[in-house]
Amino acid sequence: GADALQHRFEQVVESEQRIEPRDWMPDGYRATLIRQIAQHAHSEIIGMQPEGNWLTRAPSLRRKAILLAKVQDEAGHGLYLYSAAETLGVDRAELTEKLISGRQKYSSIFNYPTLTFADVGVIGWLVDGAAICNQVPLCRCSYGPYARAMVRICKEESFHQRQGYELLMTLSRGTESQRRMLQDAVDRWWWPSLMMFGPPDADSPNTAQSMAWRIKRHTNDELRQRFVDMTVPQAERLGVTLPDPDLEWNEERGHHDFGEPDWEELGRVIRGQGPCNAERIDRRRSAHQEGAWVREAAAAHAAKQASRART
Ligand code: ACO
């Protein structure tokens, strides 16, 4: 009966095995995964825009080829993630509809503008760096299809992060104005990167249940701390200053202390009032409308193939 199913589910989760699409799962577990995976997929797709804006203005053919490949990888990540969500009984068209009508979220970070080419490097270094911190533990998520998608995504993300760092190393060895451009980009992206990890634990309604289900393996604050500790020595090697006067090594804790992000700002950006929210959604909506003929043609082709197979 129901108790036996619930018991089996709990045993699988506790023994670090994976829940698979055909297994019984609590409704709340399914809904949480759909929410998180859809939001994650939307972030990858919307995340193509801020960097994509620089494709036509990359400073060299080499930089352009690298950026093009990176943005294409993000499209790929979005597609694996939509596929993982589909194993839970939703479809991609429905999720896209929810994104463009504002009923599903995507990461706050992609609502900030990319003002110079240094932003491309800083997104690779800080934003992809934060994404890796958050996503490596998701490779051990209790839901099989999400965990497996994360393995490949993390490999590609770590390549993206090195790509960004290499770009910034090049700027740091450049002219005085290139070094200023680098520092300016770091100043603008540092705090939004810390906000990517979500609200502080005390204000995170989903963390406790998601940890009990082993969807999340660490709290938002634990991952934020890990990111700060990882990034400080990298900033030193780049010769940039992280814009936080309270950032300091704490010998006793064995971690860096750091200042409080502006949680009001995170709240506004999540509610749709960030600097680029409207522009990002408009762009996504028009891309979806402009792609309608492709979807119609693919469906007509599939129908024709199916009717040929029947005769
Ligand atoms: N941007 C937008 N929304 C956010 C953010 C953020 N940075 N942080 C938290 N939220 C939302 C949550 O989705 C939740 O809203 P909902 O209940 O309506 O869905 C609400 O704020 C409260 O937050 P939490 O209770 O902490 O939510 P959750 O347990 O889902 O933790 C987190 C948030 C850490 C982002 C988690 O969902 C996660 O790990 N997701 C997978 C990774 C991901 O989506 N990365 C996207 C950016 S990385 C990239 O694409 C390169």
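These numbers come from a predicted model, not from an experiment. (Residues numbered from 1 in each chain as written. Predicted model: local features only at pLDDT ≥ 70, side-chain atom pairs only at ≥ 80, totals over all residues. Heavy atoms only, no water.)

Student: Explain the side chain of threonine 96 to me, please; I cannot follow it from the model alone.
Tutor: Turning to its location among the elements, threonine 96 is positioned in helix α5 (residues 92-100). Residue classification places threonine 96 among the buried positions, given a relative accessible area of 4%. (Helix = DSSP H or I, 4+ residues; strand = E, 2+ residues; numbered from the N terminus. Buried < 20%, exposed > 50% of the residue type's maximum accessible area, 1.4 Å probe, protein only.)

Student: I keep staring at the site of the ligand and nothing clicks. Help me out?
Tutor: Taken together, 28 residues sit near the ligand, with Gln39, Lys105, Ser204, Lys216 and Asn220 positioned nearest. Residue glutamine 36 places a side-chain N or O atom 3.4 Å away from a nitrogen atom belonging to the ligand. At 2.8 Å from an oxygen atom of the ligand is found a side-chain nitrogen or oxygen belonging to asparagine 220. Protein contact buries 89% of the 960 Å² of open area that the ligand shows by itself. Elements with a contribution of two residues or more to the shell around the ligand: α2 (27-46), α6 (118-135) and α7 (144-172). (Near = heavy atom within 4 Å. Polar contact = N/O pair within 3.5 Å; in protein donor to acceptor, adjacent residues only side chain to side chain. Areas by Shrake-Rupley, 256 points an atom, 1.4 Å probe, with all protein chains shown as cover.)

Student: Whenever I open this one, the nonpolar core confuses me. Can you help?
Tutor: What tends to happen in soluble globular proteins is that the nonpolar side chains get buried as a cluster. With 45 residues, the main nonpolar core has Trp125, Trp189, Trp190 and Phe227 as its most contacted residues. Only α4 (61-86), α6, α7, α8 (176-195), α10 (220-238) and α11 (263-270) provide two or more residues apiece to this core. Counting residues per element, this core draws most heavily on α6, at 9 residues. Those residues in contact with tryptophan 125, other than ones at most four positions away along the chain, are Gln161, Gly164, Tyr165, Leu168, Val186, Thr231, Gln234, Ala235, Leu238, Val240 and Leu242. (Core = buried A, V, L, I, M, F, W, Y, C linked by side-chain atoms within 4.5 Å. Contact = heavy atoms within 4.5 Å.)

Student: Which parts of the structure should I look at to understand α2?
Tutor: Spacing of three or four residues puts side chains on the same side of an α-helix, whose turn is 3.6 residues. The end-to-end C-alpha distance of α2 is 28 Å, a good match for the 28 Å that 20 residues give at a rise of 1.5 Å each. Within α2, 14 of the 20 residues are buried, which leaves the element mostly enclosed by the surrounding structure. (Expected span 1.5 Å × (residues − 1).)

Student: What exactly am I supposed to notice about the packing of aromatic side chains here?
Tutor: Ring pairs (aromatic) are described by centroid distance and by the angle formed between their planes. In this structure the tally under the stated criterion is 8 aromatic pairs. Centroid distance phenylalanine 9 to tyrosine 29: 4.9 Å. Interplanar angle 80°. Geometry classified as edge-to-face. Remark: tyrosine 29 occurs in helix α2 and phenylalanine 9 occurs in helix α1 (residues 2-14); sequence separation between them is 20 residues. With respect to class, phenylalanine 9 is no different from tyrosine 29; both count as buried. Here the aromatic rings of tryptophan 190 and phenylalanine 227 are separated by 5.9 Å at their centres, their planes lie at 20°, and the arrangement is stacked. With a gap of 37 residues between them, tryptophan 190 in helix α8 and phenylalanine 227 in helix α10 connect regions that are remote in the sequence. By relative accessible area, which is 0% here, tryptophan 190 ends up buried. Through pairs of rings, three or more aromatic residues link up here, namely Phe9, Trp24, Tyr29 and Trp213. (Phe/Tyr/Trp six-rings, centres within 6.5 Å; stacked < 30°, edge-to-face > 60°.)

Student: How should I be thinking about α10 in this particular structure?
Tutor: Here α10 contains 19 residues, and its C-alpha end-to-end distance of 27 Å stays within 8% of the 27 Å for a straight helix at 1.5 Å per residue. The largest bend in α10 amounts to roughly 25° and is located at threonine 231, with the proline proline 233 lying one to four residues further along. Asn220, Leu223, Arg224, Gln225, Phe227, Val228, Asp229, Thr231, Val232, Gln234, Ala235 and Leu238 are the residues of α10 that are buried. (Bend = angle between axes of the 7 residues up to and from the residue.)

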